[in-house]
Amino acid sequence: MKFIFRYLKPYYTAMLIGLGIKSFGTLIELALPYILKHILDVVVPTDGRVSMILLWGGGMVLCALLALLCNIKANRMASKVARDSAYAIRKDLFSRSLTLSGKQIDHFTIPSLETRITTDTYNIQQFVGRIQRLGVRAPLLLLGGLIVSLVMDFYLSLVMLAIMPIIFLVVYFVSRYGARLYTNVQKAVDGMIRVVREDSRGIRVIKALSRVEKERTRYDAVNDELVKAEKKASLTMGFVNPVMSLLMNLGITFVVLLGAHRVMGGETEPGTIVAFTQYFTMISNATLSVTRIFMMSTKSMASAERVRQVVDAPEDPVLYPEREYPSVQEGGHVVFDNVSFSYENNKNALQNVSFSLPKGGTLGVIGATGSGKTTLTSLLMRVYDVEAGAVRIGGRDVRTIPSGELKSKFGVAMQNDFLYGDTIYENIRFGRDLSAEQIETAARMACAHEFISAMEEGYRSVLAPKGANLSGGQKQRLLIARALAGSPEILILDDSFSALDYKTDAALRANLKTCAAESTSILVAQRVSSVMHADLILVLEEGEIIGRGTHEELLATCPIYKEIHDSQMGGAFLD
């Protein structure tokens, strides 16, 4: 609850006003049965005039209308508070999700983050709205009804007083157990979203390889898990309402029987029994509302805890002072100093990797899938922290460079990077303060200007989500243009040439050599042609460097590099 109150603090005044209006309306509702009792027991027997009956009846109508208006106003204010506070929670949750480290994202998982931003925040919004609408009204009706009932007829009130403890014990124990059940439901939703996310991304491959039935079976399995979790939670929480209804109906039955006996004995008036029955109905509905609040709070508390885990996740990676990792005067611009790293303490993804790349130099990294190529670039950008050794840029350890300053140094294009469902211009600009001239220059460098100009609206052409209306090569050239547009200090192209033909590959590399000469470039590739002109080439295998040098040196000293070269080019290459 502390987490939710944190976001409700700016709305305390509005909530207090709304709760005051709601309280006033509820108190008026409580007066209605008492007015009816007065009409039946006093006005009708002693006066009997129709005018007096109409007068008091008109008073009841006015009270009912006033209570209605108060409830409508209070409910609108409650909805606004719930909407605005949920907006703030979603905003902070999304912002924090974008700043999580790679390790934290691996821990939470992308499907779980999606569920927390959508389903969990919705549960919190529903609870905040409901607690304002019923959180005052239900207790007031409950306590007010009990007090008025005790004043009217103490003996009849004993029936309610006997039932209430049983009701609250049922609600308390079921709610405690329900919190764990709803947490399990949300975890099952995470699993289902993961499968849906994977299948939606790979739908073309699934169809091409006739894996539709297999994926349907996989989805059915996670869907069944979700159904089981929801069924268990629903059955447990659904146990409350029938029990409540049974207890309340039994209570009303005993009230009527006992009331009839007391009327026949002259111990109470018929109007009191009618009013008492209405108060008992009010109390019954209020108790059911309190039960629903408990049920909803159980679900929302589970959701709030999941959201809090992300929003309050510790800052990672931590910014260290330079005294802990002092700067080093060295000739290299990008330096890896005996770096080792592993994911979740498994086998090292990188082991004892060392190299030095001068400013404006080009590093080529080649190796089989899983050899550690992308891990190397992730450590340089500090998506993860090294476990041993150091990564330095300009002599400064990346662990001592503020995140904003560090990220601004890079221009990055990944093989499976994303494109917005927006214009080509906006996809290259990527929210940065860049001119149209800079955008076009970057597109020309990336060999993308020609196909962009051939489109009907040029740079204002709108892309389908994920760039579905472009070819693989066109997507990669746009992504490279995006990376180049900001004139980055360090350019990282991670397998970004894989969909390019050899002619475009060669032209793009020539452009990079002449137009991006001041940027230190790191080219990660599967193809020898993409890295062969680099100043330094690293050959990785299972996280270790098994070859380093220029293209010519590696052909002479690294059998694996020569084997890759010969298999791809047949011993000859046309630049």
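Remember, predicted model here, so these are calculated numbers, not experimental data. (Residues numbered from 1 in each chain as written. Predicted model: local features only at pLDDT ≥ 70, side-chain atom pairs only at ≥ 80, totals over all residues. Heavy atoms only, no water.)

(A) Here's a closer look at the overall build of the chain. A count of helices and strands for the chain gives 21 helices and ten strands. Against the globule reference of 25 Å for 575 residues, the chain gives a C-alpha radius of gyration of 35 Å, more extended than a compact globule. Here the C-alpha coordinates of the chain stretch approximately 115 × 60 × 50 Å along the principal axes. Taken over 575 residues, the chain has a buried fraction of 47%. Residue pairs in contact within the chain that sit at least 24 positions apart in sequence constitute 77% of those at least 6 positions apart. Roughly 28,900 Å² of accessible area belongs to the chain as shown, and the carbon and sulfur atoms make up 60% of that amount. Taking the 62 positively charged and 57 negatively charged side chains of the chain as two groups, their mean positions are separated by 7 Å. (Helix = DSSP H or I, 4+ residues; strand = E, 2+ residues; numbered from the N terminus. Rg over C-alpha atoms; globule rule 2.2 N^0.38 Å. Buried < 20%, exposed > 50% of the residue type's maximum accessible area, 1.4 Å probe, protein only. Contact = heavy atoms within 4.5 Å. Areas by Shrake-Rupley, 256 points an atom, 1.4 Å probe, with all protein chains shown as cover. Lys, Arg positive; Asp, Glu negative; His and termini not counted. Charge placed at Lys NZ, Arg CZ, Asp CG, Glu CD.)

(B) View of the packing of aromatic side chains. Applying the stated criterion to the full structure yields nine aromatic pairs. With 5.3 Å between their ring centres and 45° between their planes, phenylalanine 341 and tyrosine 384 make a pair best called tilted. In this pair, phenylalanine 341 sits in strand β1 (residues 334-342) while tyrosine 384 sits in the loop between α12 (373-380) and β4 (388-393), placing the two residues 43 residues apart along the sequence. As far as burial versus exposure is concerned, phenylalanine 341 and tyrosine 384 are alike and both buried. Between tyrosine 343 and tyrosine 384, the ring centres sit 5.2 Å apart and the planes meet at 90°, which makes this aromatic pair edge-to-face. One end of the pair, tyrosine 343, is in the loop between β1 and β2 (348-357); the other, tyrosine 384, is in the loop between α12 and β4, with 41 residues separating them in the sequence. Classification of tyrosine 343 by relative accessible area gives partly exposed; the value is 29%. We classify tyrosine 384 as buried; its relative accessible area is 13%. What links up through ring pairs into an aromatic cluster is the set Phe341, Tyr343 and Tyr384. Here the guanidinium or amino end of lysine 37 rests over the ring plane of tyrosine 34, the centre of that ring lying 5.7 Å away. (Phe/Tyr/Trp six-rings, centres within 6.5 Å; stacked < 30°, edge-to-face > 60°. Lys NZ or Arg CZ within 6 Å of the ring centre and 35° of its normal.)

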